Amino acid sequence: MIDFLLHTDTGRVILTIIEALALIVPLLIGVAYLTYAERKVLAAMQLRKGPNVVGPFGLFQPFADALKMMTKETVLPSGANRVLFVLAPMITFTLAVLAWAVIPVSDGWAIADINVGILYLFAISSLGVYGIIIAGWASNSKYAFLGAMRSAAQMVSYEVSMGFVLVTVMLCTGSLNLTEIVRAQTHMWYCVPLFPMFIVFFISTLAETNRSPFDIPEGESEIVAGFFVEYSSMSFALFFLGEYANMILMSALTTILFLGGWLAPFNIEPFTYIPGVFWFVGKVCLCLFVFLWVRATFPRYRYDQLMRLGWKVFLPLSLIWLVITAGALMAFGWLPNA
């Protein structure tokens, strides 16, 4: 059976499908329970109970929500472009799942351990804006279109500073391979020497995923719900799943680039006995908790404040730190390929 899977074309296709399902199924379960965790964390911070009726401690609430979404009517606005209207949430969700192909959850545990993993992720994240733009335009609604324009400007603005952060990490590692980036942090996680870039990157991920305090595209007080105001039923659920899958993806990327990926925090026996995948999942959960904590703590930025932070603060800071890092690596002979 193993020879069939490894040495025949049909077997390799079956093996790829099994690997994809082994990643996608836990991801979807994680997305479902991230919605539960968000409601419980926000409830605790606001001194209320949160979901507690459906199942013990409300643990079946995500399944109740999924059942509700699947049984609701899909409403297509009369003036909408029907093909693009339906296609937009599919694009958003598909891209959020495709990006996981290169994420190593442990040493050697990646569907595609390619040498240009960072470029692949940057390309996928850049394409994500298309689903939002298409949704805003195809809805034939001024509110949806305005939300889509806001989201596009926001994502493009913060991707610039994120790009400089990625270049800084690549300079320190000498590789675009995500597995090699994690291995390069065996002695010291990059969140220590690159701390300013770590902060810039994490805040930029909040903006990239349209999360509070950067949820301008979904501003309920001004534009109702932004680009998905006309969506209902499973089409709305796909946007919802895409947003939370992107949150988990960005937390995983933060973990890989700055928190040592699957590596234990201390290279001593009680910690090294724990499998790497558990360290990886634990660090991702910690980053996700900060996502939720920020939402419960900070008010929404104004649009001009959002743009000023991206272009006048993060862009110069990331560029300056990139130059400082390159200069230090060159001056002290620390370049990986030197």
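Here, every reference points to the structure presented above.
Heads up: these notes are all about the structure in this document. (Residues numbered from 1 in each chain as written. Predicted model: local features only at pLDDT ≥ 70, side-chain atom pairs only at ≥ 80, totals over all residues. Heavy atoms only, no water.)

1. Considering the overall build of the chain
Logical step 1: Of the regular secondary structure elements, the chain holds 13 helices and 0 strands.
Logical step 2: Helices and strands appear in the chain in the N-to-C order α-α-α-α-α-α-α-α-α-α-α-α-α.
Logical step 3: Taken against the 2.2 N^0.38 rule, which gives 20 Å for 338 residues, the C-alpha radius of gyration of the chain at 21 Å falls within 12% of a compact globule.
Logical step 4: Taken over the C-alpha atoms alone, the chain extends approximately 65 × 55 × 45 Å along its principal axes.
Logical step 5: Considering the chain as a whole, with its 338 residues, one finds that 46% of them fall into the buried category.
Logical step 6: Long-range contacts, defined here as pairs at least 24 residues apart, represent 75% of the contacts in the chain between residues at least 6 apart.
Logical step 7: Total accessible area on the chain stands at roughly 16900 Å², and carbon and sulfur atoms take up 72% of it. (Helix = DSSP H or I, 4+ residues; strand = E, 2+ residues; numbered from the N terminus. Rg over C-alpha atoms; globule rule 2.2 N^0.38 Å. Buried < 20%, exposed > 50% of the residue type's maximum accessible area, 1.4 Å probe, protein only. Contact = heavy atoms within 4.5 Å. Areas by Shrake-Rupley, 256 points an atom, 1.4 Å probe, with all protein chains shown as cover.)

2. Observations concerning the packing of helix H6 (residues 142-173) against helix H13 (residues 303-331)
Logical step 1: It is at 9 Å that the axes of H6 and H13 come closest, and there the two elements cross at 10°. Looking at the two axes, H6 sits roughly parallel to H13. Taken as a pair, H6 and H13 cross one another with a handedness that is left-handed. (Axes fitted to C-alpha atoms, helices over the stretch in contact; angles between N-to-C directions. Parallel < 35°, antiparallel > 145°, perpendicular 65-115°, else oblique. Left-handed = near helix turned anticlockwise from the far one by under 90°.)

3. Thoughts on empty space enclosed by the protein
Logical step 1: Counted according to the given criterion, the structure contains 2 cavities of 30 Å³ or more.
Logical step 2: Considering only enclosed or pocket space, the largest cavity measures out at about 290 Å³ in volume.
Logical step 3: Surrounding the largest cavity, 20 residues form its lining, Thr92, Ile132, Met155, Glu208 and Asn246 being those nearest its centre.
Logical step 4: Secondary structure elements with two or more residues in the lining of the largest cavity: helix H4 (82-98), helix H5 (117-138) and helix H10 (233-258).
Logical step 5: Of all the elements, H10 adds the most residues to the lining of the largest cavity, at 6 residues.
Logical step 6: Its residues assigned to classes, the lining of the largest cavity comprises 10 nonpolar, 7 polar and 3 charged.
Logical step 7: Around the second largest cavity, the lining residues are Ala99, Ile118, Leu121, Phe122, Ser125, Glu159, Met162, Leu166, Glu208, Leu249, Met250 and Leu253.
Logical step 8: Those elements that place two or more of their residues in the lining of the second largest cavity are H5, H6 and H10.
Logical step 9: In terms of residue count, the dominant contributor to the lining of the second largest cavity is H5 (4 residues).
Logical step 10: In terms of residue class, the lining of the second largest cavity is built from 9 nonpolar, 1 polar and 2 charged. (1 Å grid on protein atoms, 1.4 Å probe; cavity = no way out; pocket = protein on both sides within 12 Å on 5 of 7 lines; lining within 4 Å. Points joined across faces, edges and corners; volume = space filled by probe spheres on them. Nonpolar A, V, L, I, M, F, W, Y, C, P; charged D, E, K, R; others polar.)

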